[in-house]
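Summary of structural features
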Amino acid sequence: MPEPDRIRTYLETAGEQIRWERARRVVIPELRQHLEDQRDAFAAEGQEEAERLAVEEMGDPVSVGAELDRIHRPKPQCGLLALTAVFALAGTVLRVWLTADWTDTYQNLDPLRAGLAFILGCGALLAGYFLDISCLGHYAGRIYLGFLAVTLLVWRFSPQVNNVPFYARYVVLCAPVVYAAWLYTCRAKGWRGLLMAVLGGVPLALFCCWIPYMLALVSLLAVGFVLMLMACWKNWFGVGRWKSLTFFGVCVAGIIATVGYWCLRSGHAVRRLATALHPETDPLGMGWYGLNIRHSLEISQWWGQGNWDGAYPYEMAMPLCESDSLLTTMIYRLGWLPFLLLILMFVGLVGCLLVRCLRQRSQLGQFLAVTVVMMLSVPALFSVAWNLGFTWNGGFFPLLIGNVTTVLYMGFMGLALSAFRGDSILRDQVCNADYHPRYRIKVSIQRL
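Let me begin by describing the structure that accompanies this report. These numbers come from a predicted model, not from an experiment.

Notes on the overall build of the chain
Helix and strand counts for the chain come out as 23 helices and two strands. Referenced to the eigenvectors of the C-alpha coordinate spread, the extents of the chain come out at roughly 95 × 45 × 40 Å. Burial statistics for the chain: of 448 residues in total, 49% are counted as buried. Taking the intrachain contacts of the chain between residues at least 6 apart in sequence as the baseline, contacts between residues at least 24 apart amount to 73%. When the accessible area of the chain is evaluated, it comes to approximately 21,600 Å², of which 65% is carbon and sulfur surface.

Structure representation (structure tokens):
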């Protein structure tokens, strides 16, 4: 066999044994690089037929390919897929069932719309699950700029509802995922990368403020804080762990000081906080929400419907009973026990995601999974607080409330599960400035 064909034939034979196409695209280039390194090493020693010796040293291509196929195999996430779908289905059924006998009809609680949202959400879940999330790292810059352009267009041309661009609120919910991809591209760039990582979140936060959408802003800030803390601790930027943490700490202190000064100067946020803690101080204003929610909770039972004693029907007296206050409606109609079981189910789902996230060997996969965990947790905390009478800021409960938000968050869940599914090949694509490329290739081969 001619010398130039030995490695190519070996790679073709080994590649035929690897059934997962995505794994083949990652593993075969690594195997080629390893064979070429061995060939160059033999040639440097003065060996004749260096390519033949390199191929023979690697071993039987069928056995090597079969072993690589065993190692680099997708890890199905059927349990988490089913749990996500069941939770979203429970939310769809609850939203329709709890509001079915009300005298007023709400368009967003139309059973057909809710069912269609669940079907589209399942499609988004599967689409995210089978997506190659490495493209988020490869095209992060384009994704970031494209997101800014789309958000600007939607913000400019979206129909206004209560003086807020309606569809822009849904677009900015994707900002944490975009920022996670942006942060991934800032690795190993020194102080320039660290500065890019911090400044990259500014336009995203400004859009959340301009719309405005407080829940999206808080989610973005929470995700950015956790991801930056992890990146600095891992010395992603190559300037030193403690230097990165110090610089980031100064930036966080500046943000806190700016927000604190704005809150004290405007006084609105302080009044909202005071009213959330003591709604009785403003019963005809902002405290009206909190008083009605707390009254509903007081008359609720552990199991079964509470005894409503208001002058108007529950759906007319309870603010946002079909959306932000749906959990309050659930407590009033079904009891505290079903509510607690639902919360425990959600905590179990997030807990499973967190455990899998901590086991991720890919930096991109781990950061994306952490982002999804935070995106689920922050709105859930806001929603639970609101439905327990602390009405500082309302919000939807992920996968439970809202049609469009259900579709979006099922898609986000699919991205996290895709990272878990492809962990065996995602870690091979990690680019750490502390390691030489050939070292990463040899580590992958040595696992054989």
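Let us keep going from here.
Overview of the nonpolar core
Nonpolar side chains tend toward joint burial in soluble globular proteins. One finds Leu183, Met228, Phe237 and Phe397 to be the most contacted residues of the largest nonpolar core, which totals 104 residues. Among the elements that take part in this core, helix H20 (residues 363-387) stands out by supplying 14 residues, more than any other. Apart from the residues lying within four places of it in its own chain, the contact partners of Leu183 are Ala197, Leu227, Met228, Ala231, Trp236, Phe237 and Phe367. Membership of the second largest hydrophobic core comes to 17 residues, among which are Ala14, Val26, Val27 and Val55.

Some points on empty space enclosed by the protein
This model, assessed by the stated rule, comprises two cavities of 30 Å³ or more. As a volume, the second largest cavity reaches approximately 40 Å³. Elements supplying a minimum of two residues to the lining of the second largest cavity: helix H10 (175-184) and H20. Looking at side-chain class alone, the lining of the second largest cavity contains seven nonpolar, no polar and no charged residues.

A look at helix H14 (residues 241-266)
Side chains three or four residues apart in an α-helix point the same way, a direct result of the helix having 3.6 residues per turn. In this model H14 runs 37 Å from its N-terminal to its C-terminal C-alpha over 26 residues, within 8% of the 38 Å that 1.5 Å per residue would give. Ser244, Leu245, Phe248, Val252 and Cys263 are the residues of H14 that are buried. Those residues of H14 that are buried are in contact with helix H11 (190-199), helix H13 (214-233) and helix H15 (268-277). Remark: Gly267 follows H14 within two positions and exhibits a positive phi of approximately 80 degrees.

Here's the deal with H20
When the terminal C-alpha atoms of H20 are compared, their 36 Å separation across 25 residues agrees well with the 36 Å that a helix rising 1.5 Å per residue should span. For H20, the buried fraction is high: 22 of the 25 residues fall into the buried class. Residue Ser362 occupies the N-cap position of H20, its side-chain oxygen lying 3.4 Å from the main-chain nitrogen of Leu364. Once H20 finishes, Gly389 follows within two positions and takes phi at roughly 105 degrees, a positive value.

Here's the deal with unusual backbone geometry
Cis geometry marks the peptide bond from Ile211 to Pro212, where omega comes out at -15 degrees. With respect to the helices and strands, Pro212 occurs in the loop between helix H12 (201-210) and H13. Positive phi, normally seen in glycine, also occurs at Asn163, with a value near 65 degrees. The phi torsion at Ala188 lies on the positive side, around 55 degrees, for a residue other than glycine. Along the chain, Ala188 turns up in the loop between H10 and H11.

Quick word on a nonpolar patch on the surface
The grouping of Trp302, Trp303, Leu337, Leu340, Leu341 and Leu344 at the surface amounts to a nonpolar patch, some 720 Å² of accessible area in total. Following the sequence through the fold, Trp303 ends up in the loop between helix H16 (287-298) and helix H17 (314-317).

Regarding the packing of aromatic side chains
Going through the model one piece at a time under the given rule, you end up with 23 aromatic pairs. The interplanar angle of 80 degrees and the centroid separation of 5.5 Å between the aromatic rings of Phe166 and Tyr170 together place this pair among those described as edge-to-face. Owing to a relative accessible area of 30%, Phe166 belongs among the partly exposed residues under this scheme. Taken together, a centroid distance of 6.0 Å and an interplanar angle of 80 degrees make the contact between Trp336 and Phe339 edge-to-face. With Trp336 and Phe339 both in helix H19 (residues 336-358), this residue pair falls three residues apart, about one helical turn. Here the aromatic cluster, defined as three or more aromatic residues joined through ring pairs, consists of Phe87, Phe346 and Phe397. The ring of Phe157 has Arg156 sitting right over it, with the charged end atom 5.3 Å from the ring centre. The residue whose ring lies beneath Arg187 is Trp236, and the NZ or CZ to ring-centre distance is 5.9 Å.

Regarding the packing of helix H6 (residues 111-130) against helix H21 (residues 403-421)
Remark: H6 packs on H21, axes separated minimally by 7 Å, with the N-to-C direction vectors making an angle of 20 degrees. By the angle between their axes, H6 is roughly parallel relative to H21. In the packing of H6 onto H21, the handedness of the crossing is right-handed. Here H6 contributes Arg113, Ala114, Ala117, Leu120, Gly121, Cys122, Ala124, Leu125, Gly128, Tyr129 and Phe130 to the contact with H21, which in turn contributes Asn403, Val407, Met410, Gly411, Met413, Gly414, Leu415, Leu417, Ser418 and Arg421. Among the residues making up the contact of H6 with H21, the classes are represented as 13 nonpolar, six polar and two charged.

Calculation rules
- Residues numbered from 1 in each chain as written.
- Predicted model: local features only at pLDDT ≥ 70, side-chain atom pairs only at ≥ 80, totals over all residues.
- Heavy atoms only, no water.
- Helix = DSSP H or I, 4+ residues; strand = E, 2+ residues; numbered from the N terminus.
- Buried < 20%, exposed > 50% of the residue type's maximum accessible area, 1.4 Å probe, protein only.
- Contact = heavy atoms within 4.5 Å.
- Areas by Shrake-Rupley, 256 points an atom, 1.4 Å probe, with all protein chains shown as cover.
- Core = buried A, V, L, I, M, F, W, Y, C linked by side-chain atoms within 4.5 Å.
- 1 Å grid on protein atoms, 1.4 Å probe; cavity = no way out; pocket = protein on both sides within 12 Å on 5 of 7 lines; lining within 4 Å.
- Points joined across faces, edges and corners; volume = space filled by probe spheres on them.
- Nonpolar A, V, L, I, M, F, W, Y, C, P; charged D, E, K, R; others polar.
- Expected span 1.5 Å × (residues − 1).
- Polar contact = N/O pair within 3.5 Å; in protein donor to acceptor, adjacent residues only side chain to side chain.
- Patch = residues over 30% accessible without salt bridge, like charges linked within 9 Å, V, L, I, M, F, W, Y side chains within 5 Å.
- Salt bridge = Lys/Arg side-chain N within 4 Å of Asp/Glu carboxyl O.
- Phe/Tyr/Trp six-rings, centres within 6.5 Å; stacked < 30°, edge-to-face > 60°.
- Lys NZ or Arg CZ within 6 Å of the ring centre and 35° of its normal.
- Axes fitted to C-alpha atoms, helices over the stretch in contact; angles between N-to-C directions.
- Parallel < 35°, antiparallel > 145°, perpendicular 65-115°, else oblique.
- Left-handed = near helix turned anticlockwise from the far one by under 90°.

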